[in-house]
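Survey of secondary and tertiary structure
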Amino acid sequence: MPNMHLLKVAAPAVAKKAQPGQFVVIRTDEKGERIPLTIADWDEEEGSLTIVFMEVGTTTSKLTLLQAGDYITNLVGPLGLPAHIDRFGTVVCVGGCYGIASIMPIARAMRQAGNKVISVIEARSKFLLFWEERLRSVSDQLIITTGDGSYAAKGWVGDRLKEIIAGEDKVDLVNAIGCTYMMMLCAEITRPFGIKTIVHLNPIMVDGTGMCGCCRVAVGDETKFACVDGPEFDGHQVDWDLLLARRGIYLDDEIRSLQEWECQNLIDLSRREG
Amino acid sequence: MAKLDLNRVPMPRQDPKVRGRNFNEVALGYSLEQAQAEANRCIQCPKRSCTEGCPVGVDIPDFIKAIREGDMPEAVKLLKGKNSLPGICGRVCPQETQCESTCSLAKKGAPIAIGRLERFVADWERANMQSANSPSNQPTPNGKQVAVVGSGPAGLTVAADLAKLGHSVTLFEALHVAGGVLMYGIPEFRLPKAIVQAEVDYVISLGVELKLDSVVGKLVTIDELLNNGYQAVFLGTGAGLPMFMDIPGENLNGIYSANEFLTRVNLMKAYLFPEYDTPVKVGRRVAVIGGGNVAMDSARCALRLGAEVVYIVYRRSEVEMPARREEVENAKEEGIQFKILTNPKQFLGNEQNWVVGMECYEMELGEPDASGRRRPIAKPGSEFIIDVDVVIVALGTTPNPLIASTTPGLETTRRGTVVADEETGKTVKDKVWAGGDIVTGAATVISAMGAGKTAAFSIDEYLGG
């Protein structure tokens, strides 16, 4: 099961401008790939950014080896349009997996804007759950669910979302961040109720500034670039099949790259340890 | 008068069969003997019409004379006096429509090979004058601060020219290396990245401060720059937004914009995957849509990455192709197949959402359109299918709207370009200049450099030069 990691980086200029929902593109080293990572939090005074990521491929594996005081070769941001924050009424903020961190600043901003914020967070198991208190402190109500039932309720966020919709609160907006399937299924749950559902898309990107079109997604009848037109879109308009297919373009290469890197990394480690 | 020598000295090139499988430079450059033989053909006419044909006004007859006399340091000095990026220009300028087209010998069909000589001088400097990277006679800083946004050909030229005049220049670049399209767009085999890096290093050595990973419009706005000590701003952010065709199936897996394909290959070095982490898909059968230099670059990259068949699919005929003649010839020699008068109608995919085919129309040419070229018209009922694994769409680019949308007071056109005075590069916004593709739409490296030179002159004048 992939593990989750928290990374705090010094990036004062980015921290000064960061807003909820934005992301950075990083490159770990000269041979590294450029990948987007959502900004989970920032501290302008300290000049830092906090990023939570899941260890899945070569780049994220490289990141997990960093020690305090190490450098990331490149970090650029803040990229993407900020989340649309307004006074909607009752807002359900859904976070799954790394999205538990990404949804936090949105929940915080929604609450500051005068909304009633119900946060729902999901982890596959208790040991993958984090930021419970942090989410609680920025929400009117926090609901936790774990896939295996090892902590709080058993089930996925969709189960909890259905309960909320069936409950007393009239939900005015759902805002979801997490894996593509989770966001897609949340949008399907809210669709029959006509509850506006905002999702934060995570297609493959290269430059992250609108230059390449790698991250194109179909929303309604239009092709959009998630990096500059998003990453936030109306979940009921997104062509999910297309997004899922495009996310898988390099799956074979990603596996090969990771295997080669792990192999090389083992050789390096054994050399260091003599 | 001595008899005119009409035999241009050819430049050695890699054999097409060999070069089609490697990323090394295609053209190998002159030796000193070859360069001097070519320089000897120059009649040093008093008209100096070649210099007039050069967008940055290089003193062409003078540097050619220095080559002839074997005074290479002098040739370097003369060339770099006007052009800070000669190694780049010598390789990618369309000399045949500029300096060489106005050469007195052009009428006889054998203009001096100015581009090849320029390249020779730049390469000689890099090989023999390492110390040239630390110019000795730098002016004392005059305290004026200029922000240059974008480190492509326009931005590098403005930065170099203003730094040479004593201004403090900060150069902002969104990507992780400087050079813009010279780094991410033009392939290694046509413009080696080490040469771009050396010329960027030269500009930095003039005292220019380079800020990489800095997206102006996001990290900092133009107005914030102007409110924080910069007395002038130059916008040279190019035309980076790729155009698609807006036809069915265009978002299938395996369909790239040329920008993405070339960025993966050149900037991210996908041709060295998995040593480098960024992958690229090539497949066996590749179709590149478009007829410009970017289409040729994409096709030739795909071939080098191992594609078995690479097509250029272009809706007009070869005569109308905007690519340089030389690049079309290079592509043909390497085995790229040209499907002219062909235009895609839609892309066909398989169950995994991968492109497998391209349905095309046969086209015919009608009356000339607004561009002066004959308008392509689809022949009804002419549809046919080309089998493909990968498609690269190289139909041009438009300016990225990021700057315009975050800078109140700029005027833009319907095409998204920024309006600037042709004589000065000045925009309608106070203290802001612009030049290169952001103003003209996608054009050439040297025209961007010409615009940079014009703007640098105007900015210097404004700052009280």
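Presented here is an overview of the structure given in this document. Within each chain, residue numbers correspond to sequence positions counted from 1 in written order. Chains and ligands are labelled sequentially in the order written, the chains with letters from A and the ligands with numbers from 1. Owing to the predicted nature of the model, reporting of local features is limited to residues with pLDDT of at least 70; listing and counting of side-chain atom pairs is limited to 80 or more, with chain, interface and lining totals taken over all residues. The basis for the side-chain values is all heavy atoms of the structure; hydrogens and waters are excluded.

Bringing the interface of chain A and chain B into the picture now. Listed per partner, the contact involves 43 residues of chain A and 40 residues of chain B. Throughout, buried area stands for the accessible area (probe radius 1.4 Å) lost by two parts on being put together, summed over both. Carbon and sulfur atoms supply 54% of the area that chain A and chain B bury against each other, a total of about 3600 Å² over both sides. A pairing counts as a salt bridge when a side-chain nitrogen of Lys or Arg comes within 4 Å of a carboxyl oxygen of Asp or Glu. Connecting chain A to chain B are five salt bridges. In this structure, A:D252 and B:K281 form a salt bridge, with 2.8 Å as the shortest nitrogen-oxygen distance. Each polar contact in these results corresponds to two N or O atoms within 3.5 Å; when the atoms are within protein, one needs to be able to donate a hydrogen and the other to accept it, and residues that are neighboring in sequence are counted only if both atoms are side-chain atoms. Counting every contact that joins chain A to chain B gives 22 residue pairs in polar contact (both at pLDDT 80 or more). Going through the elements one at a time, helix 1 (12-17), helix 2 (58-64), strand 6 (74-79), strand 13 (216-219), strand 14 (222-225), helix 8 (240-247) and helix 9 (251-272) of chain A are the ones with two or more residues in the side of chain A that touches chain B. Numbered from the N terminus, helices here are DSSP runs of H or I no shorter than four residues, and strands are runs of E no shorter than two. Here the element with the most residues in the side of chain A that touches chain B is strand 6 of chain A; it accounts for six residues. Following the grouping adopted for this structure description, the nonpolar residues are Ala, Val, Leu, Ile, Met, Phe, Trp, Tyr, Cys and Pro, the charged ones are Asp, Glu, Lys and Arg, and the polar ones are all others, Gly among them. Here the residues of the side of chain A that touches chain B are counted per class, giving 18 nonpolar, eleven polar and 14 charged. We call two residues contacting when some pair of their heavy atoms lies within 4.5 Å.

Here the focus is helix 8 (residues 153-164) of chain B. All names here are of chain B. By this rule the span expected of a helix is its residue count minus one, scaled by 1.5 Å. Along its twelve residues, helix 8 runs 17 Å from first to last C-alpha, staying within 8% of the 16 Å computed at 1.5 Å per residue. P153, A154, G155, L156, T157, V158, A159, A160, D161, L162 and A163 are the residues of helix 8 that are buried. Here the buried face of helix 8 lies against strand 1 (145-149), strand 2 (168-172), helix 9 (181-184), helix 10 (193-205), strand 4 (232-235) and helix 17 (445-462). Phi turns positive, to about 100°, at G166, one or two residues after helix 8. Only protein chains enter the accessibility calculation, which uses a 1.4 Å probe. A residue is then buried if its area is under 20% of the maximum for its type, exposed if over 50%, and partly exposed in between.

All names here are of chain B. One bridge is not enough; two strands pair if DSSP finds at least two bridges between them. Spatially, 3-2-1-4-16 is the arrangement adopted by the five strands of the open sheet, whose pairing is parallel. At either end of the open sheet lies a strand with only one pairing partner, and these are strand 3 (209-211) and strand 16 (432-434). Neighbouring strand axes in the sheet, compared pairwise and without regard to direction, differ in orientation by 20° on average. Of the pairings in the sheet, the one linking strand 1 to strand 2 comprises five bridges and is parallel in character. Within strand 2, the position partnered with V146 by the bridge is V169. Every angle, taken between N-to-C directions, lies between 0 and 180 degrees, and every axis is a line fitted to C-alpha atoms, over only the stretch in contact when it is a helix. Helix-sheet contacts for helix 8 involve strand 1, strand 2 and strand 4, and the interaxial angle to strand 2 is about 165°.

Residues and elements named next belong to chain B. Read from one edge of the open sheet, five strands run 6-14-7-8-9, paired in parallel fashion. Of all strands in the sheet, those with a lone pairing partner are strand 6 (255-257) and strand 9 (337-339), marking the two edges. Direction aside, neighbouring strands of the sheet carry axes that sit 25° apart on average. One ladder, built from four bridges, connects strand 7 (residues 285-289) with strand 14 (residues 390-393); its direction is parallel.

Note on terminology: disulfide denotes any pair of cysteine sulfur atoms within 2.5 Å. This structure, assessed with the given rule, holds zero disulfides over all chains. Of the cysteine sulfurs around A:C93, a residue in no disulfide, the closest is that of A:C186, at 12 Å. Just so you know, B:C45 is unpaired, no disulfide at all, and the nearest cysteine sulfur is the one on B:C50, 6.4 Å from it.

All names here are of chain A. Taking burial as the measure, the seven residues of strand 7 (residues 90-96) include seven buried ones, the bulk of the element. The alternating pattern of strand 7 places T90, V92, V94 and G96 and V91, C93 and G95 on opposite faces, both of which are buried. Bridging between strand 7 and strand 8 (residues 116-123) involves seven bridges; their strand directions are parallel. Pairing of G95 across the sheet is with I121, part of strand 8. What joins strand 7 to strand 8 is helix 3 (residues 99-112), and the crossover it makes is right-handed. As paired elements, strand 7 and strand 11 (residues 173-177) share five bridges and run parallel to each other. Bridge assignment links V94 to a residue of strand 11, and that residue is A176. Classification remark: right-handed applies to a crossover when, strands pointing away from the viewer, the course from the first strand over the helix to the second runs clockwise.

What follows is about the packing of helix 4 (residues 60-68) of chain B against helix 5 (residues 72-82) of chain B. All names here are of chain B. Between helix 4 and helix 5, the least distance of the axes is 8 Å, while the angle of their chain directions is 170°. Considered as vectors, helix 4 and helix 5 are oriented roughly antiparallel to each other. Along this stretch, helix 4 crosses helix 5, giving a crossing that reads as left-handed. For the pair helix 4 and helix 5, contact is made by D62, F63, A66 and I67 and by M72, E74, A75, L78 and L79, respectively. The residue inventory of the contact of helix 4 with helix 5, partitioned by class, reads seven nonpolar, no polar and two charged. Angles are sorted into four bins: roughly parallel if under 35 degrees, roughly antiparallel if over 145, roughly perpendicular if 65 to 115, and oblique for all others. In this scheme, a crossing is called left-handed if the near helix is turned counterclockwise away from the far one by less than a right angle; it is called right-handed if the turn is clockwise.

Another aspect to go through is the pattern of salt bridges. All names here are of chain A. Throughout the structure, instances matching the rule amount to 53 salt bridges over all chains. Among the ionic pairs, R160 bridges to E163, the shortest N-O distance being 3.0 Å. On the criterion of helical spacing, the pair formed by R160 and E163 is a turn pair, its members being three residues apart in helix 5 (residues 157-166). R160 gets classed as buried once you look at its relative accessible area, which sits at 8%.

Next up on the list: the packing of aromatic side chains. Pairs were defined over the aromatic rings of Phe, Tyr and Trp, the Trp ring being its six-membered one, requiring ring centres within 6.5 Å. Orientation was assigned from the angle between planes: stacked under 30 degrees, edge-to-face over 60, tilted for the rest. Overall, the coordinates contain seven aromatic pairs over all chains when judged by the stated rule. Ring geometry for A:F130 versus A:W131: centroids 6.0 Å apart, planes at 70°, classification edge-to-face. A relative accessible area of 16% places A:F130 in the buried class. Cluster of aromatic residues (ring-pair linked, three or more members): B:F23, B:F189 and B:Y271. For a lysine, the NZ atom is tested; for an arginine, the CZ atom; a charge sits over a ring if that atom is within 6 Å of the ring centre and within 35 degrees of the ring normal. The ring of A:W131 is capped by A:R134, whose NZ or CZ atom sits 3.9 Å from the centre of that ring. In this structure, B:R304 packs its charged tip against the face of B:F189, placed 3.8 Å from the ring centre.

Residue and element names in this part refer to chain B. Sheet analysis places strand 10 (residues 342-349) next to strand 11 (residues 355-368), joined by seven bridges and oriented antiparallel. Each residue of the ladder has a partner; that of T342, found in strand 11, is E362. If you look at the hairpin formed by strand 10 and strand 11, you'll find five residues sitting between the two strands, and N353 has a positive phi there, around 70°.

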